[in-house]
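As a plain string of letters, each chain reads:
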Amino acid sequence: MPIADAEQRVTFTLNGREQALLVEPRRTLLDALRHDLELTGTKKVCDMGDCGACTVIVDGRAMYACLLLAIDCDGREIRTIEGVAQGDALDPLQQAFIEHDAFQCGFCTSGQIMSLRALLDAHPNASEEQIRTAVSGNICRCGAYPNIVAAGKRAAELMRENSTAAGSASDHIAMQAGGR
Amino acid sequence: MPAFHVSVKGSGKDATVAVQEGDALAPWPADADLAAVGKPYSRREGRQKVTGRARYAYDVRMPRQLYARVLRSPHPHARIVQIDASKAEALSGVHAVLTVENAPEIPWYGDSQVFSRVLHCIGDEVAAVAAESEEVADDALRLIEVTYEPLPFVSDLEAAIGPGAPKAREDVEREGNLADDPKIYDRGDTESAFAQADIMVDRVFHTASAAHNSLEPHGATAYWDGENLTLYSSTQSVFTVRQQVAEALGLPEHHVRVIMEHMGGGFGAKQIAWKHDVLAALLSKQSGRPVQMMLDRRAENLAVGHRPSTHQRVQLAARRDGTLLGIRAEIAQARGAYLTGGEASNVSGMYQTLYRCENVHIEERSYHVNIGPAVAFRAPGHVEAAFALEQAMDELARALEMDPIALRRTNYAEVDQLSDKPFTLPEGLRLCYDAVAPEWESARRQRSAPDGTVRRGLGFAAHDWVGGGGHPPGYAWIELQEDGTANVITGTQDIGTGTRTGLSQVAAEALGLSVDRIAFRLGDTGTGPYAPVSSGSATQSTIGPAIRDAASEVVRQLLDAASTIMEIPASRLSVRENAILVDGDASRATPVEQITSQLGPHTIQGRGARTDNPASKSVRTFGAQFAEVDVDTTTGDVRVVRIVTAHDIGRIVNPTIVDSQIIGGVTQGVGFAMTEGQVIDHALGRVMNANLEEYKVPTVGDVPEIRHLHIDVADTEANSTGAKGVGEPPLVPTAPAIANAIYDAVGIRLDANPFSRRRLLDALAATGSSHQEEPGA
C-alpha cells in the first residue's frame, strides 16, 4: 500500500529563476509544475510518455515532464512554455504558430512548441526532416501537423532574420565604435 | 415578425408560438463584396494558446481546491455485494467519499443511476474520492474494499446478437440485447427492383469502435457559493450540462452556472453532461471545497464514449447503365452498456439520401454489449455508413466498368429523399464532383507503374451529411460602446474549431467594424444568451445569423443617431470599416466613435436570434474525395500518399481555419482507416488498448499531402450568412476512399478497419493461395 512519504526539498532553475520546492518523492515534474507552481501551460494528457503534451526543456533537451520525478530535477535547468515569450514579445515559434494556424484546440501546442524550441536552440538551421522528427513524439488530435511543420520552418526563418538584423545592428555599432 | 415553429413539450404535437424575434434578414448575396468575411484572420485566442495561458477546465485552480478520482469496475458485468469505504474516509487528506451506499439516487443514462449496484462495463463508476491531491485520492481508492459478484457478460457484437447470448443489461426488458427499437425504413419496392437488376453487389463490412481521445480529458471543476453551483466543464454544450446537472441535483437552472473558456478537443464526446459533472458537484458539496475531477487517459478511453462498432450488409441493384434500382442494408451497431443521448449514430441516413434511388430498404438495430457507452463521434453514423456504401459503390463501378465519379453522377440526388424537399444548394455535390474530377483523371493518367513490390492505387468516395446547416434556436447580444468598440455575447462554445474568429468576422461584417474592435464572449451560461450544443457542424451556421440579426439592430440605431447628429436622412447612411458613409461615399466618412461618443454613457444594444431553417428545403453538406496510396505487397505496408478533397460547406468565412478543419478531419479519417480501433479481448470483456500507447492516433509522419479544393459557393437559401459547417464532413469519405485505393492497387477488398499490415498480409496470402473472388459476385 503506497503511503505518502515525507516531502523533500528540491531546487532547480525554472525559466531563468531559482525555484525551491517541497514535494513528495512520487510527484512528477509535471504535477509539480501544474499543482505546486500553478504553471498550467504544460499539459497532462496521457501521463505515461505517449503524447508529448507535457514536453518541457530540461538542461537543453526536450523531455516529457510526466516521466520525470520532481525530486530528480534538483540542480537542473527547466524551461516551460511560460518561459518562452519575453514579456509581451512572442518567441518566433509562437509567432509562427499563430501565423500558420498550427493549432486548433491548443491542448498539444505547449508541447509542440517546447519540442521545437529545444530543436531550434540546438540547430538554428534545422531541416524539415529534423523538424518532423522533433515533433514526432507530440500528438495533435486535431491534426494540425502540416501547419506545425510549416510553423517550425517559418520560426527558423524568423530566427535567421532576427539574427541577421541583430548581426548587422552590432556591425553598425562596431563601425561606429571603430570610427571614434 | 417571424415566429418560431416549436414543438410544445409534453403534448407531442407541433404548435406555432410567437417568440421574441427580429426581422428575417435577406441573405448576403452570393457575390457580395464582404470586408471581413472570407478573409484569413488568425485565431483570436492564438496568443493565449501559444503562451500556455489559455485556461482549460483542467487548468482551473481555486483556493483550497481538491482533486477527485474515481474507482472503476474491474469487471465487465458484476453486482456489488459489499462495499466498505471506511478506510478511505479515514485517510489523511481525504475530504469526501461517495459510493452507492451514501450517494443520493440520481437517475443517469435514462435507465441507470450515477452509482448503481450492478456494473455493466469495465470502467463503470464504483466510488469517487476528493482529496488534497490526485495522489492521495488514488491512495484512498486503493483502500476501498469491494466484493463483486461477477455476472455473465458479452462484449462482442456478433455474440450479443446471437441466440442465447448473456444479457449485457439484465435490467433492460427488451428482446435479447436489443438496446432500442429496430429502425426499419422502406421506400418503393426493393423486391422487384432487385429482380429487375442487371447487376448486383452484396457485401458485408465491419467498422471498429474508435475512441475520440481528445487530448484534454473529460472533466469538471465544481464549487458552491451557498445554493449556487459553478461548474467549469470541458464540454461542447454549456447549456446542456447546466440543464442536465440542474435536473440531476434538483436545482433550478439559475442556480447552476457552467463555464467553458477553452477546450482541448471533444469531437462529439463532450456534447452531453457526464457523471463527472455531477460527481464533482456532489463531492464539492460534501467537502465544502472546490473539487476538480478530470478523467485519466484510461477512463477517457473506457467510460466516456467511442464511435460504436458496426456490421453492415449492403446490397446494391443497378441497371447496365449504372442507374441504381435498389439499395438494401442490414445494420447492427454495438452501443455499449448505456444509451447516452445526444446525437445518435444514425447509420441508415446516408443510404437513404446520398444517391437517387426509388427503392430502399434499411434495417438498423442497436445492441447493448458490456463495454463503455458509445457516443457521437464526428459525423456519427455517416462515417460508418460511408465505409460500407462507398466501398459497395466502388464494387458496382468496377462491375459496370464505369468511372466511379460517372457512376455517382448517374445517380445524382437533387432532392432530400427522406423529406421530398429539394436541397438548399442542389448543385452542391455536383460542384464537388466537378472540382475533384480533373484532379482524379490526371492522377489516373499519371499513375506510376509498379515499382518492385510497391503498387500505387487510387480510390474515390463521396458523402453527404445531415449537419452543417445549423440547429436553431440560438441567440446573440451586442453592445456598441462609447468608443466605437463592440461586445458580442453569445452562449455558444469555441471547441477548438475557431468559433471566436469566424463569428467575430460575421460580427465585424454586419456591424461595419474591423475585427479588432470586437470583443467576443462565449462559453458561459452566466452571461448567456442561450446557444445550442456545438455539434453537427452547426455553430457557425446557427450563431452567425443570430449575430448578424443583432448587428442589424445595432446598425439601425447607430444610423438613426448619426442621422440626427449629422442631419442627413438615415436612408443615405451606411457603416463600413469603422466609419459612417454618406451615399456609400468613402471620402465622406465619419468615424463611428464620433457618433457613439456623443451618445455616451448611453450605449447601443442589439439582440438577435437565429430563425428557423427553411421549411420547404433541406440543408445538407456534401463532399467528394479521392485517395492515392502505395501498397507494399511484401510488407503489407500502406502509405497514404495524397488526399484530394472538395466540400460544399457554403460560403467560406475564414479560408485558413476551414483548411485547418479539412486537414484535421481528413487526418482523423486516415487514423480511422489505418490505425485506430479499440482492441477488445472478448474472453475478458476488456478493451486492451485504453491508452495512447496502443490506441494509435496519427502522428506527424502519418499525414499524407492533403489538398483542399475550395468550392466557396454561398448557400443563400440555408441562412442569412450563406455559410454552413465544416467540422465533420472532411473525414466522412476518407476511409472508404483509402479502401478503394487499396483495392485499386492490389485487388484486395478490406472489409474491416483499421487496414493494418496484418490484415493486408493475411488477405494477400489468401489471394495467393485461393481463387480471387470476382468483384460484385
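As the structure is a prediction and not an experimental result, all values here were calculated from the model. (Residues numbered from 1 in each chain as written. Chains lettered and ligands numbered in written order. Predicted model: local features only at pLDDT ≥ 70, side-chain atom pairs only at ≥ 80, totals over all residues.)

## Some points on the overall build of chain A
Each helix and strand in chain A was counted, giving five helices and five strands. Secondary structure elements in chain A, listed N-terminal to C-terminal, are β-β-α-β-β-β-α-α-α-α. Judged by the C-alpha coordinates and their principal axes, chain A covers about 70 × 45 × 25 Å. In chain A, once contacts between residues fewer than 6 apart in sequence are set aside, the share between residues at least 24 apart is 60%. (Helix = DSSP H or I, 4+ residues; strand = E, 2+ residues; numbered from the N terminus. Contact = placed C-beta atoms within 7 Å.)

## A few points about the overall build of chain B
Along the backbone of chain B there are 18 helices and 34 strands. Whereas a compact globule of 777 residues would reach a radius of gyration of roughly 28 Å, chain B reaches 27 Å, a difference of no more than 12%. In terms of overall dimensions, chain B has a C-alpha envelope of 90 × 75 × 55 Å along the principal axes. When each of the 777 residues of chain B is scored for burial, the buried share is 57%. Contacts in chain B between residues far apart in sequence, at least 24 positions, make up 81% of those at least 6 positions apart. (Rg over C-alpha atoms; globule rule 2.2 N^0.38 Å. Buried ≥ 20, exposed ≤ 12 C-beta atoms within 10 Å, placed from the backbone.)

## Digging into the sheet that holds strand E12 (residues 199–207) of chain B
Residues and elements named next belong to chain B. One open sheet accounts for five strands, arranged E11-E19-E18-E17-E12; its pairing is mixed. Each edge of the open sheet carries a strand with a single partner, namely strand E11 (183–187) and E12. Recorded for the sheet is a direction-independent mean angle of 5° between the axes of neighbouring strands. Packing against the sheet, helix H10 (residues 382–400) makes contact with E12 and strand E17 (310–318), and its axis sits at approximately 150° to E12. (Pairing = 2+ DSSP bridges. Axes fitted to C-alpha atoms, helices over the stretch in contact; angles between N-to-C directions.)

## What to know about the pairing of strand E9 (residues 125–131) of chain B
Residue and element names in this part refer to chain B. The element E9 is extensively covered by neighbouring structure, given that seven of its seven residues are classed as buried. Both strand E5 (residues 94–99) and E9 contribute to a ladder of five bridges, which runs antiparallel. Bridged to Ala 96 within E9 is Ala 130.

## Here's the deal with unusual backbone geometry
All names here are of chain B. A cis amide bond links Gly 600 with the next residue in sequence, Pro 601, at an omega value of 0°. When you line up the elements, Pro 601 lands in the loop between helix H15 (592–599) and strand E29 (604–609). The step from Asn 753 to Pro 754 runs through a cis peptide bond, and the omega angle for that step is -5°. Here Pro 754 shows up in the loop between helix H17 (734–746) and helix H18 (757–769). A positive phi angle is found at Asp 583, which is not glycine, with a value near 55°. Tracing the chain through its elements places Asp 583 in the loop between strand E27 (579–582) and strand E28 (585–591).

## Observations regarding the domain arrangement of chain B
All names here are of chain B. Looking at the assigned domains, one finds that chain B contains domain 1 (57–151 + 212–302), domain 2 (310–411 + 426–468 + 616–769) and domain 3 (470–609). With four residues, helix H8 (residues 297–302) is the single largest residue contributor to the side of domain 1 that touches domain 2. Taken together, the residues of the side of domain 1 that touches domain 2 break down into eight nonpolar, ten polar and two charged. (Domains from an automatic or database assignment. Nonpolar A, V, L, I, M, F, W, Y, C, P; charged D, E, K, R; others polar.)

## Re the packing of helix H16 (residues 655–674) of chain B against H17(B)
All names here are of chain B. Between H16 and H17, the least distance of the axes is 8 Å, while the angle of their chain directions is 55°. Between H16 and H17, the crossing angle belongs to the class labelled oblique. The crossing of H16 and H17 is right-handed. Residues Val 666, Gly 669, Val 670, Phe 672 and Ala 673 of H16 form the contact with H17, whose participating residues are Thr 734, Ala 735, Ile 738 and Ala 739. Taken together, the residues of the contact of H16 with H17 sort by class into seven nonpolar, two polar and no charged. (Parallel < 35°, antiparallel > 145°, perpendicular 65-115°, else oblique. Left-handed = near helix turned anticlockwise from the far one by under 90°.)

## What to know about the environment of B:Asp751
All names here are of chain B. Of note, Asp 751 is situated in the loop between H17 and H18. A C-alpha to C-alpha distance of 8.4 Å links Asp 751 and Arg 203, two positions 548 residues apart in sequence. The contact partners of Asp 751, leaving out residues within four places of it in the chain, are Arg 203, Val 204, Phe 205 and His 206.

## Regarding the interface of chain B and chain A
Across the boundary between the two partners, chain B contributes 47 residues, which contact 49 residues of chain A. Those elements giving two or more residues to the side of chain B that touches chain A turn out to be helix H1 (46–51), helix H3 (134–143) and H16 of chain B. A total of seven residues in the side of chain B that touches chain A trace back to one element, the largest contributor, which is H16(B). Among the residues making up the side of chain B that touches chain A, the classes are represented as 15 nonpolar, 20 polar and twelve charged.

## Details of the environment of A:His123
All names here are of chain A. For His 123, the location among the structural elements is in the loop between helix H3 (109–122) and helix H4 (128–134). For His 123, a count of 13 C-beta atoms within 10 Å corresponds to the partly exposed category. In the structure, His 123 is positioned 33 residues away from Ala 156 in sequence and 9.1 Å away in space, judged by C-alpha atoms.

## Some words on the domain arrangement of chain A
Residues and elements named next belong to chain A. When the domains of chain A are assigned, the result is domain 1 (1–83) and domain 2 (85–180). On the domain 2 side, the residues contacting the 14 residues of domain 1 number 14 residues. Among the elements of the structure, strand E3 (55–58) and strand E4 (61–64) are those that each provide at least two residues to the side of domain 1 that touches domain 2. If one sorts the elements of the side of domain 1 that touches domain 2 by residue count, E3 sits on top with three residues. Residue composition of the side of domain 1 that touches domain 2, grouped by class: seven nonpolar, five polar and two charged.

## What to know about the pairing of strand E2 (residues 17–23) of chain A
Both strand E1 (residues 8–14) of chain A and E2(A) contribute to a ladder of seven bridges, which runs antiparallel. If you follow A:Phe12 over to E2(A), its bridge partner there is A:Gln19.

## Side note on the confidence of the model for chain B
The predicted model of chain B has a mean per-residue pLDDT of 95, with 96% of residues at 70 or higher. Contacts for the low-pLDDT stretch residues 769–777 of chain B, under 50 throughout, to residues beyond four places or in other chains number eleven contacts. (pLDDT = per-residue confidence, 0-100.)

## Remarks on the packing of helix H2 (residues 92–99) of chain A against H3(A)
Between two packed helices, the angle of one axis relative to the other and the distance separating the axes together describe the packing. Residues and elements named next belong to chain A. The interhelical angle for the contact between H2 and H3, taken along N-to-C directions, is 130°, at an axis separation of 10 Å. When the axes of H2 and H3 are compared, the pair comes out oblique. For H2 against H3, the interelement crossing comes out right-handed. Residues Leu 93, Gln 94 and Phe 97 of H2 form the contact with H3, whose participating residues are Thr 109, Ile 113, Leu 116 and Arg 117. Here the residues of the contact of H2 with H3 are counted per class, giving four nonpolar, two polar and one charged.

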